[in-house]
Amino acid sequence: METPGSQSSLHRANLERVVRAVRLAGSLTQAEIARTTGLSAATVSNIVRELKDGGTVEVTPTSAGGRRARSVSLSGDAGIVIGVDFGHTHLRVAVGNLAHQVLAEESEPLDVDASAAQGFDRAEQLVNRLIAATGVERSKVAGVGLGVPGPIDVESGTLGSTAILPGWTGTKPAEELQGRLGVPVHVDNDANLGALGELVWGSGRGVRDLAYIKVASGVGAGLVINSKIYRGPGGTAGEIGHITLDESGPVCRCGNRGCLETFAAARYVLPLLQSSHGTDLTMEGVVRLARDGDPGCRRVIADVGRHIGSGVANLCNLLNPSRVVLGGDLAEAGELVLGPIRESVGRYAIPSAARQLSVLPGALGGRAEVLGALALALGEMGDSTLLDGSLTAVTPAFT
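What counts and what doesn't
- Residues numbered from 1 in each chain as written.
- Predicted model: local features only at pLDDT ≥ 70, side-chain atom pairs only at ≥ 80, totals over all residues.
- Heavy atoms only, no water.
- Helix = DSSP H or I, 4+ residues; strand = E, 2+ residues; numbered from the N terminus.
- Rg over C-alpha atoms; globule rule 2.2 N^0.38 Å.
- Areas by Shrake-Rupley, 256 points an atom, 1.4 Å probe, with all protein chains shown as cover.
- Lys, Arg positive; Asp, Glu negative; His and termini not counted.
- Charge placed at Lys NZ, Arg CZ, Asp CG, Glu CD.
- Pairing = 2+ DSSP bridges.
- Axes fitted to C-alpha atoms, helices over the stretch in contact; angles between N-to-C directions.
- Buried < 20%, exposed > 50% of the residue type's maximum accessible area, 1.4 Å probe, protein only.
- Parallel < 35°, antiparallel > 145°, perpendicular 65-115°, else oblique.
- Contact = heavy atoms within 4.5 Å.
- Expected span 1.5 Å × (residues − 1).
- Polar contact = N/O pair within 3.5 Å; in protein donor to acceptor, adjacent residues only side chain to side chain.
- UniProt positions renumbered as here; feature names shortened; annotations may be inferred.
- Left-handed = near helix turned anticlockwise from the far one by under 90°.
- Nonpolar A, V, L, I, M, F, W, Y, C, P; charged D, E, K, R; others polar.
- Patch = residues over 30% accessible without salt bridge, like charges linked within 9 Å, V, L, I, M, F, W, Y side chains within 5 Å.
- Salt bridge = Lys/Arg side-chain N within 4 Å of Asp/Glu carboxyl O.
- Core = buried A, V, L, I, M, F, W, Y, C linked by side-chain atoms within 4.5 Å.

1. Quick word on the overall build of the protein chain
Line of reasoning, step 1. Across its full length, the protein chain carries 15 helices and 13 strands.
Line of reasoning, step 2. The C-alpha radius of gyration computed for the protein chain amounts to 22 Å, which stays within 12% of the reference 21 Å derived for 399 residues, consistent with globular compactness.
Line of reasoning, step 3. Taking the principal axes of its C-alpha atoms as reference, the protein chain extends roughly 70 × 50 × 40 Å.
Line of reasoning, step 4. By element, 48% of the accessible surface of the protein chain is carried by carbon and sulfur atoms, the whole surface being about 17,800 Å².
Line of reasoning, step 5. Here the protein chain contributes 35 positively and 41 negatively charged side chains, and the mean placements of these two sets differ by 8 Å.

Structure representation (structure tokens):
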């Protein structure tokens, strides 16, 4: 038992600070560790040496600013985390180690009408298959991050109403999957995990405040404030798709009229082009045709961009983020959609907020959510577990 305030307890706390900094970043030079933790360079050097001798971290030569440096990362065999992403038509699973390396990843179609039980059974099978493919012992699984396309009640863990997976409303996804896998499962909605994925590995790297806008079957936003996901007391923060743009507009699935979602989501946008392009058109197809010069698809994407920009302008006025990252199929349209978004932001946002904002496409594409799930699992694990040299089924980042 360590006495609070003693030298041993202070040393332990410093060890955990260094491990946490490396765990969340993936890899850091010793100088970066010192800046991140506030510890002196000498203290960091001694701690890194101790962690290296104990097998907790690996140290490799690198360069920083033209000077030789040492990069510190968690040991590749210290444990693994798993990311699971349920989408409108897919199930994607990834396995990564604590050094931020993806060891295995696979995606397969998911029937939108499948029951929750069927979906979790599929996830269990895919997770087990990928763990076996990595050759890592199952006891090394530190935890699982799970993404679902709907709001999660923060207190109960219950999935709220979702039009994407209607048969899943009222289930407790984390509890369901944890019962099958026997390891801790942490759950969040897909927009939040997309934000986390882009923050750690994609277009959000280097910023502390951003909004990730996902446009697919619905429209949602993942909000990052001071480097942390902001969920709100009920877990429903970021429902940008239900900002009212037109009180007399189309009726939304939420019961209101003229929500942003009714002007930007695929289910409302695709019918605009069906008479000229057929009923089999998808948002991916619209983007492809627009990039090839199709005038109708270009007009629709530009209109969608302007509507999204109106919603983003509201975000700017309220939260003043430094970056907005656009995800989902629509992001592949590039400047065809980003230009109109910036145009609306410039028109409707407070000038100072608009000047400080950068609007970028997501860098991770369809992988953003599953990588965010890995980051969620990694962020929830305890550093003391690593320092004690063992991972158990009670605890739990990627290129």
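2. Here we look at the sheet that holds strand β6 (residues 102–109)
Line of reasoning, step 1. As summarised here, the arrangement of the five strands in space is β6-β5-β4-β7-β8, forming an open sheet in which the pairing is mixed. Each end of this open sheet is capped by a strand with a single partner; those strands are β6 and β8 (185–189). Between one strand axis and the next, the sheet turns through 15° on average, direction left out of account.
Line of reasoning, step 2. As judged from the five bridges shared by strand β7 (residues 141–148) and β8, these two strands associate in the parallel manner. By the bridge assignment, V148 is partnered in β8 with N189.

3. Some words on the pairing of strand β5 (residues 90–97)
For a regular strand, side chains alternate in direction, first toward one face of the sheet and then toward the other.
Line of reasoning, step 1. In terms of burial, β5 is a largely internal element, seven of the eight residues being buried.
Line of reasoning, step 2. Here strand β4 (residues 80–86) runs beside β5; their pairing, made up of seven bridges, is antiparallel. Its bridge partner lying in β5, V81 is registered against G96.
Line of reasoning, step 3. Two successive antiparallel strands, β4 and β5, enclose a turn made up of three residues.
Line of reasoning, step 4. In this structure, β5 lies alongside β6, joined through seven bridges in antiparallel fashion. The residue bridging A94 from the neighbouring strand is E105, located in β6.
Line of reasoning, step 5. Count of turn residues in the β5/β6 antiparallel hairpin: four residues, of which H100 carries a positive phi of about 70°.

4. What about the packing of helix α6 (residues 190–201) against helix α14 (residues 368–380)?
Relative placement of two packed helices is described by the angle separating their axes and the distance separating the axes.
Line of reasoning, step 1. Where α6 meets α14, the axes come as close as 7 Å, and the angle between the chain directions of the two elements is 80°. By the angle between their axes, α6 is roughly perpendicular relative to α14. On α14, the residues that touch D190, L193, G194, L196, G197, E198, V200 and W201 of α6 are A368, E369, L371, G372, A373, A375 and L376.

5. Thoughts on helix α11 (residues 295–319)
Line of reasoning, step 1. For α11, with 25 residues, the first-to-last C-alpha span of 35 Å sits near the 36 Å given by 1.5 Å per residue.
Line of reasoning, step 2. The N-cap of α11, judged by a side-chain oxygen 3.1 Å from the amide nitrogen of G296 a few residues on, is D294.
Line of reasoning, step 3. Just downstream of α11, N320 is the residue with a positive phi angle, here 55°.

6. So, the UniProt feature "domain: HTH marR-type" (unreviewed entry) in the protein chain
Line of reasoning, step 1. Feature annotation in UniProt assigns "domain: HTH marR-type" (unreviewed entry) to the following positions: residues 18–68.
Line of reasoning, step 2. Overall, residues 18–68 shows 57% helix and 25% strand. The separation of its end C-alpha atoms is 21 Å.

7. So, the sheet that holds strand β2 (residues 57–64)
Line of reasoning, step 1. Spatially, three strands are ordered β1-β3-β2 in an open sheet, and the strand pairing comes out antiparallel. Edge positions in the sheet fall to β1 (27–29) and β2, since each of these pairs with one other strand and no more. Neighbour to neighbour, the strand axes of the sheet diverge by 30° on average, direction disregarded.
Line of reasoning, step 2. Note: β1 against strand β3 (residues 67–74), three bridges, orientation antiparallel. Following the sheet pairing, S27 is matched in β3 by S73.
Line of reasoning, step 3. Along the sheet, helix α2 (residues 30–37) contacts β1 and β3; its crossing angle with β1, the most-contacted strand, is approximately 95°.
Line of reasoning, step 4. Seen against the sheet, helix α3 (residues 41–53) touches β2 and β3 and runs at an angle of roughly 135° to β2.

8. What about the packing of helix α1 (residues 7–25) against α2?
Line of reasoning, step 1. Contact geometry for α1 and α2: axes closest at 10 Å, N-to-C directions at 110°. By the criterion of interaxial angle, the relationship of α1 to α2 is roughly perpendicular. For the crossing formed where α1 meets α2, the hand is right-handed. For the pair α1 and α2, the contacting residues are R17, V18, A21 and V22 in the first and I33, T36 and T37 in the second.
Line of reasoning, step 2. Residue composition of the contact of α1 with α2, grouped by class: four nonpolar, two polar and one charged.

9. Concerning a nonpolar patch on the surface
Line of reasoning, step 1. Nonpolar side chains collect at one region of the surface, where I225, Y230, L318 and L319 lie side by side and expose about 410 Å² of accessible area between them.
Line of reasoning, step 2. One can find I225 in strand β10 (residues 219–225).
Line of reasoning, step 3. Overall, the relative accessible area of 37% leaves I225 in the partly exposed class.

10. Details of the pattern of salt bridges
Line of reasoning, step 1. Within the structure shown, the criterion is met by 15 salt bridges.
Line of reasoning, step 2. In this structure, R129 engages E108 in a salt bridge whose closest nitrogen and oxygen atoms are separated by 3.5 Å. With a gap of 21 residues between them, R129 in helix α4 (residues 116–134) and E108 in strand β6 connect regions that are remote in the sequence.
Line of reasoning, step 3. Look at the salt bridges and you will find they share partners, linking E106, E108, R122 and R129 into a network.

11. Focus on the environment of S248
Line of reasoning, step 1. Tracing the backbone through its elements, the reader meets S248 in the loop between β11 (228–230) and α7 (261–264).
Line of reasoning, step 2. Taking C-alpha positions, S248 is 6.2 Å from G258, a pair spaced ten residues apart along the chain.

12. Observations concerning the nonpolar core
Line of reasoning, step 1. Core analysis: the largest hydrophobic core is formed by 46 residues, its most contacted members being I33, L51, V72, L98, L196, L210 and L371.
Line of reasoning, step 2. Among the secondary structure elements, those contributing two or more residues to this core are α1, α2, α3, β2, β3, α6, β9 (210–215) and α14.
Line of reasoning, step 3. With nine residues, α14 is the single largest residue contributor to this core.
Line of reasoning, step 4. Non-local contacts of V72, meaning those with residues more than four positions away in its chain, are made with V22, G26, S27, L28, Q30, I33, V48, V57, E58 and V59.
Line of reasoning, step 5. Counting residues in hydrophobic clusters, the runner-up holds 42 residues, among them I213, V219, I308 and L338.

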